Amino acid sequence: MTNWSEIDTYAKAWVKEAGVNIRNSFSKTLTITTKSNANDLVTDIDQGTEQFFIKKIKEKYPEHRILGEEGFGDKLNNLDGIVWIIDPIDGTMNFVHQQRNFAISIGIYENGKGKIGLIYDVVHDELYHAIKGHGVFMNELELPPLKETEVSKAVIGLNATWVTENKRIDPSLLAPLVKNARGTRSYGSAAIEMAYIASGRVDAYITLRLAPWDFAAGVILIEELGGIATTLKGEPLNLLENNTVFVSKPGLHQEIMKEYLKDGNW
């Protein structure tokens, strides 16, 4: 039998230790390079943090596998066994420019099923964590189940990219949702956006392209609280490839799917 409580205890301790190291880096010069484009940044802190987690996990749980954003983990073509899906710094641009609004994100899965979710807002020292079936917590505060809401009362996480000219969608498709919602926000970190849905600060989050490490932890938190996480077509998310992502409180998810997303060519 897998001791999930023990794994959770170690994971939280490692996340907190990594957070201290990241905060201590603020006064140092970062080595910054780009990945796919000039706005897709990676720093030596991202890479060092991922390597820190891999070392800790492999020492304690050598049979576990790791999927990490920076590529230091395992090459996976399936989710058999226990897999840690890690984004060492989700929101690297924010980390570089603002030194806030970024998070460590870790989802731990067994045979493709979410078991433990951890999102750590390093600067605000807010650790969102869940073991499947045992509720979601922000630090020591247990978060209540998500309540149904509607578009007119909702604050929606949505990047302005998707309602201006872009390469992926017709910007007019999501414009009515922006107009009819109570408000929109964009924090530049999928993990932060999803943690904020869990804590009630945001009601839904929509984006056209995320990698598994961006959403692996957040999905566990959201679903544990009764929220819904799908692609923009309403299909299950795939943890081995990039996805469109739509995460929301219940009720609101159905309304947005029916009234705003049904005609989109996602």
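A quick note: this is a predicted structure, and the numbers were derived from the prediction, not measured.

Lay out the UniProt feature "binding site: Mg(2+) 2" (unreviewed entry) in the protein with the relevant residues and their values.
Cross-referencing UniProt, the feature "binding site: Mg(2+) 2" (unreviewed entry) maps to Asp 90 in the present numbering. Here the side chain of Asp 90 touches Ala 190 through a polar contact of 2.9 Å, landing on its backbone nitrogen.

So what's going on with the packing of helix H1 (residues 4-24) against helix H2 (residues 44-60)? Which residues, and what values?
One can describe the packing of H1 onto H2 by two numbers: an axis separation of 11 Å at closest approach and a directional angle of 150 degrees. Of the possible angle classes, the one that applies to H1 and H2 is roughly antiparallel. Every pair of crossing elements has a handedness; the one defined by H1 and H2 is right-handed. Packed against H1, whose contacting residues are Glu 6, Tyr 10, Trp 14, Val 15, Glu 17, Ala 18, Asn 21 and Ile 22, the element H2 presents Ile 45, Thr 49, Phe 52, Phe 53, Lys 56, Ile 57 and Lys 60 at the interface.

Break down the UniProt feature "binding site: Mg(2+) 1" (unreviewed entry) in the protein for me, citing the residues and quoting the values.
UniProt records the feature "binding site: Mg(2+) 1" (unreviewed entry) at Glu 69, Asp 87, Ile 89 and Asp 214, using the numbering of this structure. Judged by maximum C-alpha separation, these annotated positions cover 146 residues in sequence but sit close together in space, the widest gap being only 9.6 Å. As for its position among the elements, Asp 87 is in strand E4 (residues 82-90). With near-sequence residues (within four places) excluded, Asp 87 lies in contact with Glu 69, Ala 103, Ile 104, Ser 105, Trp 213 and Asp 214. Inspection of the secondary structure assignment puts Asp 214 in helix H6 (residues 212-224). In this structure Asp 214 comes out as buried when scored by relative accessible area, which is 12%. With residues near it in sequence (within four places) discarded, Asp 214 still touches Asp 87, Asp 90, Ala 190, Ala 191 and Met 194. In this structure the side chain of Asp 214 is engaged in a polar contact, spanning 2.9 Å, whose partner is the backbone nitrogen of Ala 211.

About the thresholds
- Residues numbered from 1 in each chain as written.
- Predicted model: local features only at pLDDT ≥ 70, side-chain atom pairs only at ≥ 80, totals over all residues.
- Heavy atoms only, no water.
- UniProt positions renumbered as here; feature names shortened; annotations may be inferred.
- Polar contact = N/O pair within 3.5 Å; in protein donor to acceptor, adjacent residues only side chain to side chain.
- Axes fitted to C-alpha atoms, helices over the stretch in contact; angles between N-to-C directions.
- Helix = DSSP H or I, 4+ residues; strand = E, 2+ residues; numbered from the N terminus.
- Parallel < 35°, antiparallel > 145°, perpendicular 65-115°, else oblique.
- Left-handed = near helix turned anticlockwise from the far one by under 90°.
- Contact = heavy atoms within 4.5 Å.
- Buried < 20%, exposed > 50% of the residue type's maximum accessible area, 1.4 Å probe, protein only.

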